[in-house]
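# Overview (structure and organization)
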Amino acid sequence: MLVKIPPMSVAANIPLAQNRLPGLVFAASFAGVAGAAAIVSGFIPVAFSIAIVFLFAGPHNWFEARYILGRLPARTGKLHGFFILSACGVVGLTIAYPAIGFLSRFAAVGTVLALWNTAFLVWVAALIHLRANTNPRFEAGWIWPVAFLLVAVVWLNPVVLNFSLVYLHPVLALVLLDRELTRSHPTWRPTYRVALLSVPVCLALLYWRLADAPDLPGADPLNLTLTIADHAGAGFLEGVSTHFLVAAHTFLEMVHYAAWVVLIPLIGLRSWPWELRTIPAARRSGAWARGVAGVLLAGLGLVLILWVCFGLDYGTTRSVYFTVALLHVLAEIPFLLRML
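Anyway, here's the lowdown on the structure attached to this text. (Residues numbered from 1 in each chain as written. Predicted model: local features only at pLDDT ≥ 70, side-chain atom pairs only at ≥ 80, totals over all residues. Heavy atoms only, no water.)

### Observations regarding the side chain of Thr118
- Here Thr118 is to be found in helix α6 (residues 109-132).
- Side-chain polar atoms of Thr118 contact the backbone oxygen of Ala114, separated by 2.7 Å. (Helix = DSSP H or I, 4+ residues; strand = E, 2+ residues; numbered from the N terminus. Polar contact = N/O pair within 3.5 Å; in protein donor to acceptor, adjacent residues only side chain to side chain.)

In structure tokens:
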């Protein structure tokens, strides 16, 4: 009995893409970047921290602003209250944070910091409450008891929230990346979520290797080791090697920068960054388009100025940058809430 062999054309009709895992290249690239960042952070944490802040601090803020402009509606409509509260909180809390040092002359620094943290928590709770009452709606009756519990915590230890934000902020970019995949490449999302496991795995490996390592020496070419270690929590997390703290924070910052400079623009921007047709506000009128273009050009100018200032006085510029950068940290919170 002869067996009829199907023609090659039938086999050719089976797409090879069906045999592949959707988003595998994207997820593998993410895991590869995370692994490479962890290795370099573990061996040269201070030098790597100096380098990545110099290279990516300005550009990642510009790409973040460009992405947010592309997602904000041209008119606030029923979201007017949410956007007003968002803007007031972002600007007000950013301006108030540098004033903590000045106000500490008249009251204990812990009290002033606890007041700032209380305002921050109430602001976030109010945003969640407003967001829960707009489509798509969700139950948020739990938010105020949780907020008041956290307020009690920050009055017991005013510093705990601030150092928590240092380590939680880089994770927000990964959450936004997940939400963007839901919008543009939903079939990639499960593979990406598996790749996300590389982040805690890398942190665990860094801890395993550096938990008992000697603290970082206090000297480097720019005399920044102590500043970078304090920013990573050296003064708060006593008994933990500063080598691990700086390596872990530098690793998370590199993942954060990679998400904003490469991954989110790669899948989230629907045009070249300099094209305005995908920005809703720019489509309102010619005046609005010129205004948006002016904002983006001013942002590019600030990136160049930041690079020049880093070259002239890296230490001072870094300190000023991380104070002002609170603005974009706070701006991510209402933006993420709108994407839920």
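### A closer look at empty space enclosed by the protein
- Here the structure, examined in full by the defined rule, presents two cavities of 30 Å³ or more.
- Put simply, the largest cavity is a space of about 40 Å³.
- Surrounding the largest cavity, Arg66, Tyr67, Gly70, Arg71, Gly268, Leu269, Arg270 and Thr278 form its lining.
- Looking at the lining of the largest cavity, the element that brings in the most residues is helix α3 (residues 45-71), giving four residues.
- Its residues placed into classes, the lining of the largest cavity shows two nonpolar, three polar and three charged.
- Of the voids in this model, the second largest cavity is the one considered here, and its volume is about 30 Å³.
- Every residue lining the second largest cavity is listed: Phe30, Val33, Ala34, Val255, Ala258 and Leu263.
- Of all elements in the fold, only α2 (24-43) and α12 (242-268) reach the threshold of two or more residues within the lining of the second largest cavity.
- Broken down by class, the residue content of the lining of the second largest cavity amounts to six nonpolar, no polar and no charged. (1 Å grid on protein atoms, 1.4 Å probe; cavity = no way out; pocket = protein on both sides within 12 Å on 5 of 7 lines; lining within 4 Å. Points joined across faces, edges and corners; volume = space filled by probe spheres on them. Nonpolar A, V, L, I, M, F, W, Y, C, P; charged D, E, K, R; others polar.)

### A few points about the layout of surface pockets
- What the largest pocket holds in volume is close to 1,400 Å³.
- Lining of the largest pocket is provided by 43 residues; of these, Ala65, Ile68, Leu327, His328 and Ala331 occupy positions nearest its centre.
- Within the residue set of the lining of the largest pocket, elements represented by two or more residues are α3, α4 (80-96), α13 (286-312), α14 (314-324) and α15 (326-339).
- With twelve residues, α13 is the single largest residue contributor to the lining of the largest pocket.
- Grouping the constituent residues of the lining of the largest pocket by class yields 31 nonpolar, eight polar and four charged.
- Here the second largest pocket is characterised by a volume of approximately 710 Å³.
- Surrounding the second largest pocket, 26 residues form its lining, Tyr97, Asn162, Val166, His231 and Phe322 being those nearest its centre.
- Along the lines of polarity and charge, the residues of the lining of the second largest pocket split into 13 nonpolar, ten polar and three charged.

### Digging into the environment of Pro145
- By the element assignment, Pro145 lies in helix α7 (residues 143-156).
- By relative accessible area, which is 52% here, Pro145 ends up exposed. (Buried < 20%, exposed > 50% of the residue type's maximum accessible area, 1.4 Å probe, protein only.)

Such coordinate-based values are descriptive only and should not be taken to indicate function.
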